[in-house]
Amino acid sequence: MIETQGLTKQYGQSTVVDHLSLSVAEGELLVLLGASGSGKTTTLKMVNRLIEPTSGRVLIDGEDAGTLDPHELRRKIGYVFQRIGLFPHMTVGENVAVTLTLLGWDSTRAAARVAELLELVELDASFAHRQPSELSGGQQQRIGVARALAASPRLMLLDEPFGALDPLTRDRLQQSFLRIRRQLKLTAIFVTHDMVEALVIGDRIGVMHDGRLVQIGTPAELLQFPADDYVRQLMNTPKRQAALVDGFLEARAK
Amino acid sequence: MSEQLALLPAYLTAHLQLTLFALLAGSAFSIPAGIVIARARRLERPVLAVASVIQTIPSLALLAIMVPALAALGMRSIGFLPAFIGLTLYSVLPILRNTVTGLSGLDPAMIEAARGVGMTRNQQLWRVEIPLAMPVILAGLRTSTVWTVGIATLSTPVGATSLGNYIFAGLQTRNLNAVLVGCIASAVLALVLDGLVRALGGALLSRRRAPLIAVLASLAMLYAYSGVTFVRGLRGASADRVVVGAKTFTEQYILSDIMAGRIGAATGASVEVVSSLGSTVAFDALLSGEIDVYVEYSGTIWATIMKRASAGVDRAGVLEEVGRFLADEHGVELVGGLGFENAYALAMTRRQAESLRVGRISDLVPHAPRLSIGGDYEFFDRAEWASVRDSYGLAFAEKRTMDPSLMYQAVASNQIDVISAFSTDGRIVALDLVVIEDDRRAIPPYDAVILVGPRLRRERPDVVAALKTLTGTIGADQMRRMNLAVDQDGATPAAVAQEFLRSRPISER
């Protein structure tokens, strides 16, 4: 469904994304995993042209995204922001319906859709009339997800959507997201630097390092056959951490 | 006090018109300009620099500059237009700066979110950037509002009616009631308009419909009122109306009221008085037809406009030559002298004049290096001063330009030794000053003469005839007494003028 071919972004002398080619199948969730500065967010933003590539191209259903109207393209792709990005001067309902308004939906139809979406993200319908500032971080990002889903996109882009949340909230939102994703059969690219999140959420994981795609494959493939030391170390992180926790618990037990 | 309050509706309406229209024009320029600058950041420095420079021009000067500027463009150079343009320029900076700051200070995450949900550049602007920057933009508008209301009081000297008429006339005629009414009214107006803009911000922020409608309705009503009264004022300015001008001092206020009263009574024409015009503004306004008649002094035309040497000329000769010059060069009719001279003269307290044995300016020369001299706003820039200085070789220790009414107080309390007085000023008698004789006739004669502009001269011979009935009717003594009645006894110029007209009905001639 999505394919990138030799996607490259340069700012002056520095290359942020370097000839990145990958493809995401219909209904698949690809996680882009990497440290900050590895180019994963830039890659994501080039898919819906928030950032224009220096060279290379993005194909969506075989169509070159560079030839499409960027605004229409973005309205068809759900985007969940790292910093949530709810508009503080709009109510929750208006935030969720913002893309629908851009698409020219009338207010009754939009209101019905907002109610549906709030239910989907497990929030009460009364939230529609509240201000974003009255919501907790977790609730805000549920709204962020609802907003991205408003126009029933087949493709979702998520930029470290749960990165700023506390672990328990993050866990609940991950579960909600997985359910929604299955229910709606979404195709998605999900950017994160959290190894555990990548393993829990991703059908496949693409590891990025210094602007290059180091390895791409299922979690099992990456764990079993890491392409290089970097990937091996990365994949071992959860195990190392678990060992640390175990050791700590054993020490306490003695 | 009630006399003053009777003027309030007219002054307040005019003030409101100036303020509201200037703010509307200022916002209409500044907000779009701010939006453009916030997008094209290269423009930010140069545009804000220009706006800041305009802001640093003293407000009175900015308004005054508009008069010759508009005259050079062949446009109406006194009255509403110069004041409106000056105020508009002044209102620009706070709104512009805040619009730029408000827009460029937005959280980049908001902009990215707006793009990410699929907004076009315009949708981003209208749906996200402007609403989010609105509190900052409105704060700029509030600053501009308060400034504009205050600075609009300085519109009076360029011939636009405003609450400043109270303040300028009140300071000149030492009518503190008038000054007070003007200050309080403009302060209240500033608070009310500021409150409305603040309420507008609150209503926009709360996003509730009722308060927003209430605020917008109030603003719409104020604008509708200003617009309707403004248009009615323009319509009223028919060809039929006679406009009498007055410069910024007591004598001129009294004389303009006398002329207005006489014209009205004799011809039934509708008459308007435009008061507190700057000295050269008045002559320019007469030439451009914005005023029809005013009282000028022969020596002023002689020295300032004809640029003739001041020294050694006689009164009748000057009057005749000035009359011929005005008719030939400008189509202006010198109707005649009122009967008194109001010359620039040097004056000092009797006590000091006696102790220094100064009776003539020649006597003053040896003492001058130890004395200070005060002059009104124009004196030291006028040819008369140059002539006095050069004919006698006067060199004072200190030279100060002051407000005329303060200048008299300063000389009476010995804070200044010599002042530039007017020979008909009632305060010369009241404060026991003596006029120092101009023994070398360095200062030309200053017969008070009625000047009639080309249009009135052509179209209304009846008005010119009515004005002729005033020639030779006011002696220097009487003028001094009338000035004193205003300056010292607190009578209004209008009342003094009425009293004069009652005592000399036309039929008596």
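None of these values were measured; they are calculated from a predicted model.

### A look at the overall build of chain A
Item 1. Assigned secondary structure in chain A consists of 10 helices and 10 strands.
Item 2. Its C-alpha radius of gyration of 19 Å places chain A within 12% of the 18 Å reference for a compact globule of 254 residues.
Item 3. Buried positions account for 52% of the 254 residues belonging to chain A.
Item 4. Across chain A, contacts joining residues at least 24 apart in sequence account for 67% of those joining residues at least 6 apart.
Item 5. Working note: accessible area of chain A is about 11800 Å², and carbon and sulfur atoms make up 51% of it.
Item 6. Computed over 28 positive and 30 negative side-chain charges, the inter-centroid distance for chain A is 2 Å.

### Here we look at the pairing of strand E10 (residues 447-452) of chain B
All names here are of chain B.
Item 1. By the criterion of burial, E10 is predominantly enclosed, with six of the six residues buried.
Item 2. Side chains Asp 447, Val 449 and Leu 451 of E10 all project onto a buried face; the interleaved residues Ala 448, Ile 450 and Val 452 project onto the opposite face, where all are buried too.
Item 3. Bridging between strand E3 (residues 293-297) and E10 involves five bridges; their strand directions are antiparallel. If you follow Val 293 over to E10, its bridge partner there is Val 452.
Item 4. Bridge analysis of strand E4 (residues 333-341) against E10 gives five bridges, and the strand direction is antiparallel.

### A closer look at the packing of helix H10 (residues 250-267) of chain B against helix H21 (residues 476-487) of chain B
Residues and elements named next belong to chain B.
Item 1. One can describe the packing of H10 onto H21 by two numbers: an axis separation of 9 Å at closest approach and a directional angle of 105°. Taken together, the axes of H10 and H21 lie roughly perpendicular to each other. Of the residues in H21, those in contact with Thr 250, Glu 251, Ile 254, Leu 255 and Ile 258 of H10 are Met 479, Met 482, Asn 483, Val 486 and Asp 487.
Item 2. Looking at the contact of H10 with H21, its residues break down into six nonpolar, two polar and two charged.

### Topic: the nonpolar core
Item 1. Ranked by internal contacts, the top residues of the largest apolar core, which has 58 residues, are Ile258(B), Val293(B), Leu346(B), Leu364(B), Ile450(B) and Leu467(B).
Item 2. For this core, the leading source of residues is H10(B), giving six residues.
Item 3. Discounting chain neighbours no more than four positions away, the residues touching Leu346(B) are Ile361(B), Leu364(B), Ile373(B), Phe379(B), Val388(B), Leu394(B), Val418(B), Ile419(B), Ser420(B), Val434(B), Val435(B) and Ile436(B).
Item 4. Leu29(A), Leu120(A), Ala188(A) and Met195(A) belong to the second largest nonpolar core, which has 46 residues in total.

What counts, and where the lines are drawn
Residues numbered from 1 in each chain as written. Chains lettered and ligands numbered in written order. Predicted model: local features only at pLDDT ≥ 70, side-chain atom pairs only at ≥ 80, totals over all residues. Heavy atoms only, no water. Helix = DSSP H or I, 4+ residues; strand = E, 2+ residues; numbered from the N terminus. Rg over C-alpha atoms; globule rule 2.2 N^0.38 Å. Buried < 20%, exposed > 50% of the residue type's maximum accessible area, 1.4 Å probe, protein only. Contact = heavy atoms within 4.5 Å. Areas by Shrake-Rupley, 256 points an atom, 1.4 Å probe, with all protein chains shown as cover. Lys, Arg positive; Asp, Glu negative; His and termini not counted. Charge placed at Lys NZ, Arg CZ, Asp CG, Glu CD. Pairing = 2+ DSSP bridges. Axes fitted to C-alpha atoms, helices over the stretch in contact; angles between N-to-C directions. Parallel < 35°, antiparallel > 145°, perpendicular 65-115°, else oblique. Nonpolar A, V, L, I, M, F, W, Y, C, P; charged D, E, K, R; others polar. Core = buried A, V, L, I, M, F, W, Y, C linked by side-chain atoms within 4.5 Å.

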